[in-house]
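In case you want the letters, here they are:
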Amino acid sequence: ARDLGGTCVNRGCTPTKTLRKSARVAHLASRAGDFGIRADGLSVDFAAAMQRMQQRVDESRAGLERWLGGLAGLTVIKAHARLEGRAPEGGFQIRAGERRLAAPQVVLNTGTRPFIPPIPGLAEQAHLDNESILALRERPRKLVIIDDDYISLELGQIFRRLGSKVAVIEPGPRLVPREDADVSEMLADALRAEAIDLHLGQAVERVAPGDTPGGVCAQLADGRIVGGSHLLVATGRVPNTDDLGLASVGVAINMRGYVGVYERLQTNVPGIWALGD
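First, a word on what this report is: a plain description of the structure on this page. Numbering of residues starts from 1 in each chain and follows the order in which that chain's sequence is written. Restriction of local features to residues with pLDDT of at least 70 applies here, the model being predicted, together with a cutoff of 80 or more for giving and counting side-chain atom pairs; totals for whole chains, interfaces and linings are based on all residues. The side-chain values count all of the structure's non-hydrogen atoms but skip hydrogen atoms and water molecules.

Quick word on the nonpolar core
The biggest cluster of nonpolar side chains holds 27 residues, and the ones touching the most others in it are Leu19, Ile133, Leu143, Phe159 and Leu232. The numbering of helices and of strands both runs from the N terminus, where a helix is a DSSP run of H or I of at least 4 residues and a strand a run of E of at least 2. Mapped by element, the contributors of at least two residues to this core are helix H2 (13-30), helix H3 (46-69), strand S6 (142-147), helix H4 (150-161), strand S7 (165-170), helix H5 (181-193) and strand S12 (230-234). Whether two residues are in contact is decided by their heavy atoms: any pair within 4.5 Å suffices. Residues within four places of leucine 19 in sequence aside, it is in contact with Ala49, Met50, Met53, Leu134, Ile158, Phe159 and Leu162. In this text, buried Ala, Val, Leu, Ile, Met, Phe, Trp, Tyr and Cys residues form a nonpolar core when linked through side-chain atoms within 4.5 Å. Here's how the labels work: a residue is buried when its accessible area is under 20% of the maximum for its type, exposed when over 50%, partly exposed in between, all with a 1.4 Å probe on protein chains only.

Some remarks on a negative patch on the surface
Taken together, the side chains of Glu179, Asp180, Asp182, Glu185 and Asp189 define an acidic patch exposed on the protein surface. Mapping glutamate 179 onto the fold places it in the loop between S7 and H5. You can call glutamate 179 partly exposed: its relative accessible area is 32%. Nonpolar side chains (Val, Leu, Ile, Met, Phe, Trp, Tyr) within 5 Å and like charges within 9 Å form the patches, drawn only from residues with over 30% relative accessible area and no salt bridge. Methods summary: accessible areas were calculated by the Shrake-Rupley approach with a probe of 1.4 Å, and residue burial reflects only the protein chains presented. A side-chain nitrogen of Lys or Arg and a carboxyl oxygen of Asp or Glu constitute a salt bridge if their distance falls within 4 Å. Positive charges come from Lys and Arg, negative ones from Asp and Glu, while His and the chain ends are left out of the count. By convention, the charge on Lys lies at NZ, on Arg at CZ, on Asp at CG and on Glu at CD.

Details of the sheet that holds strand S10 (residues 216-220)
Read across the sheet, three strands follow the order S9-S10-S11 without closing on themselves; strand pairing throughout is antiparallel. The outermost strands of the open sheet, each flanked by one partner alone, are strand S9 (204-209) and strand S11 (225-228). Here the average twist between neighbouring strands, direction ignored, is 20°. We call two strands paired when DSSP finds no fewer than two bridges between them. In the sheet, S10 pairs with S11 via four bridges, with the strands oriented antiparallel. Along S11, the bridge assignment pairs cysteine 217 with glycine 227. Orientation is described by lines fitted to C-alpha atoms, with helices fitted over the stretch in contact, and by angles between N-to-C directions that extend from 0 to 180 degrees.

Structural notes on the packing of H2 against H4
Where H2 contacts H4, the two axes come as close as 8 Å, and the packing angle between them is 45°. Judged by the angle between their axes, H2 and H4 are oblique. Judged by the sense of rotation from one axis to the other, the crossing of H2 with H4 is left-handed. Contacts between H2 and H4 pair Thr16, Lys17, Leu19, Arg20, Ala23, Arg24, Ala26 and His27 from the former with Glu154, Leu155, Ile158, Phe159 and Arg161 from the latter. Each residue is assigned to one class: nonpolar for Ala, Val, Leu, Ile, Met, Phe, Trp, Tyr, Cys and Pro, charged for Asp, Glu, Lys and Arg, and polar for all the others, Gly among them. Among the residues making up the contact of H2 with H4, the classes are represented as six nonpolar, two polar and five charged. By the definition adopted for this analysis, an angle is roughly parallel if under 35 degrees, roughly antiparallel if over 145, roughly perpendicular if from 65 to 115, and oblique otherwise. In this scheme the crossing of two helices becomes right-handed for a clockwise turn of the near helix relative to the far one and left-handed for an anticlockwise turn of less than a right angle.

Section: the environment of alanine 126
With respect to the helices, strands and loops of the structure, alanine 126 is situated in the loop between strand S5 (112-114) and S6. For alanine 126, a relative accessible area of 62% gives the class exposed. On a C-alpha basis, the gap between alanine 126 and arginine 237 in space is 19 Å, while along the polypeptide they are 111 residues apart.

Points about H3
Expected helix span is taken as 1.5 Å per residue step, with the number of steps being one fewer than the number of residues. For H3, with 24 residues, the first-to-last C-alpha span of 35 Å sits near the 34 Å given by 1.5 Å per residue. Residues Phe46, Ala49, Met50, Met53, Val57, Arg61 and Leu68 constitute the buried set of H3. Residues of H3 that are buried make contact with helix H1 (6-10), H2 and H4.

A few points about the pairing of S6
Most of S6 is tucked away: six of the six residues are buried. Throughout, right-handed denotes a crossover for which the path from the first strand over the helix to the second runs clockwise when the strands point away from the viewer. Crossover connection from S6 via H4 to parallel S7: handedness right-handed. Relative to S12, S6 runs parallel, the two sharing five bridges. Bridge pairing in S12 places isoleucine 146 opposite valine 233.

Points about the packing of aromatic side chains
Only Phe, Tyr and Trp rings are paired, with Trp represented by its six-membered ring, and only when their centres lie within 6.5 Å; those with planes under 30 degrees apart are stacked, over 60 edge-to-face, the remainder tilted. Within the structure shown, the criterion is met by one aromatic pair. Considering the side-chain rings of phenylalanine 46 and phenylalanine 159, the 5.7 Å spacing of their centres and the 55° angle between planes classify their relative orientation as tilted. Of this pair, phenylalanine 46 sits in helix H3 while phenylalanine 159 sits in helix H4; the two residues are 113 residues apart in sequence, bridging distant segments of the chain. Each member of the pair, phenylalanine 46 as well as phenylalanine 159, carries the same accessibility label: buried.

Remarks on the sheet that holds strand S1 (residues 81-86)
The strand order S1-S2-S3 describes an open sheet built from three strands, whose pairing is antiparallel. The open sheet terminates on both sides in strands that have one partner only, identified here as S1 and strand S3 (99-103). Neighbour to neighbour, the strand axes of the sheet diverge by 30° on average, direction disregarded. Relative to strand S2 (residues 92-96), S1 runs antiparallel, the two sharing four bridges. By the bridge assignment, arginine 86 is partnered in S2 with phenylalanine 92.

Structure, rendered in C-alpha cells:
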C-alpha cells in the first residue's frame with residue numbers, strides 16, 4: 001500500500017546515494033585548499049541537499065508509475081494484501097483492502113522495516129530510523145546513532161559531511177563485526193578522521209530527554225552519557241511477514257520471520273514465490 005518502487009527507490013538506494021553525492025561534494029570542497037584551490041565562504045545548504053534527494057526519488061517513482069500504468073493487463077492496487085486460504089477453483093484467495101482476488105500464482109515481495117530494540121525509555125523518546133531521517137529538512141546539531149549495521153555508518157558519515165556533529169554507539173567491540181577485524185579498524189580510523197565520535201563496546205542502557213528541548217541522552221553501560229539534538233536508531237531490519245496470512249496456505253517462515261525459499265525462489269508451497277528482502 002506504500003509508494004511504488006519499494007525500499008530501493010523511496011527509502012534506500014536512490015535517496016541515500018543521492019544524498020551521499022552531496023555529502024561527497026561538500027567533503028571535497030572542504031579540502032579544496034589541499035589541492036591549491038581557494039574556496040572561501042563554503043557553506044552547506046542542508047535543506048537544498050535534502051530537496052535534491054527528494055526530487056530524484058519523485059522522478060524515479062513517477063517513471064515507474066508511468067511504465068506500469070502503460071502495461072496492458074496490469075492493474076495496480078494500492079492496499080494492504082494478505083492471503084486468505086485456498087480458492088475453491090484452485091490457487092489462492094487474496095484480500096487487498098476491500099477487494100477479494102483469486103490467483104493461481106502469488107509472488108511475495110513485501111521487504112523489511114526498521115527494527116526498534118527494547119531499550120528502556122526509547123518508546124517514549126522521539127527518535128529517527130533510517131527512513132524517517134530522510135524527511136528532515138533542518139540539519140541536526142548533533143546526531144547520536146545507535147549502531148548495528150552498515151546503514152548507520154553511511155548515514156553518520158553523510159550527516160557529518162553535511163555539517164552535523166555525529167556520535168556512533170556500537171554495542172559490539174568493533175564496527176561491522178561481520179567483516180574482518182582489519183576492515184573494522186580501517187573504517188573506525190576513517191570515521192574518526194572526520195571527527196565522528198565512536199563509542200565501541202558499549203550497550204545503551206537507557207534513553208532519556210536531553211537538556212535542550214527535543215534533545216536526547218543515551219546512557220551507556222559504563223555510566224557515560226552521550227547527548228545530542230537527534231537520535232537515529234539503526235539496529236537492523238525485520239521482515240514484513242507478520243500480517244500476510246501465510247499460515248492460511250502453509251507458507252513456512254523461520255524463527256526470525258523470513259520466508260524460506262528454494263533455488264528458484266519458490267517457497268514450500270507450490271505456486272507461491274518470495275523475492276526481494
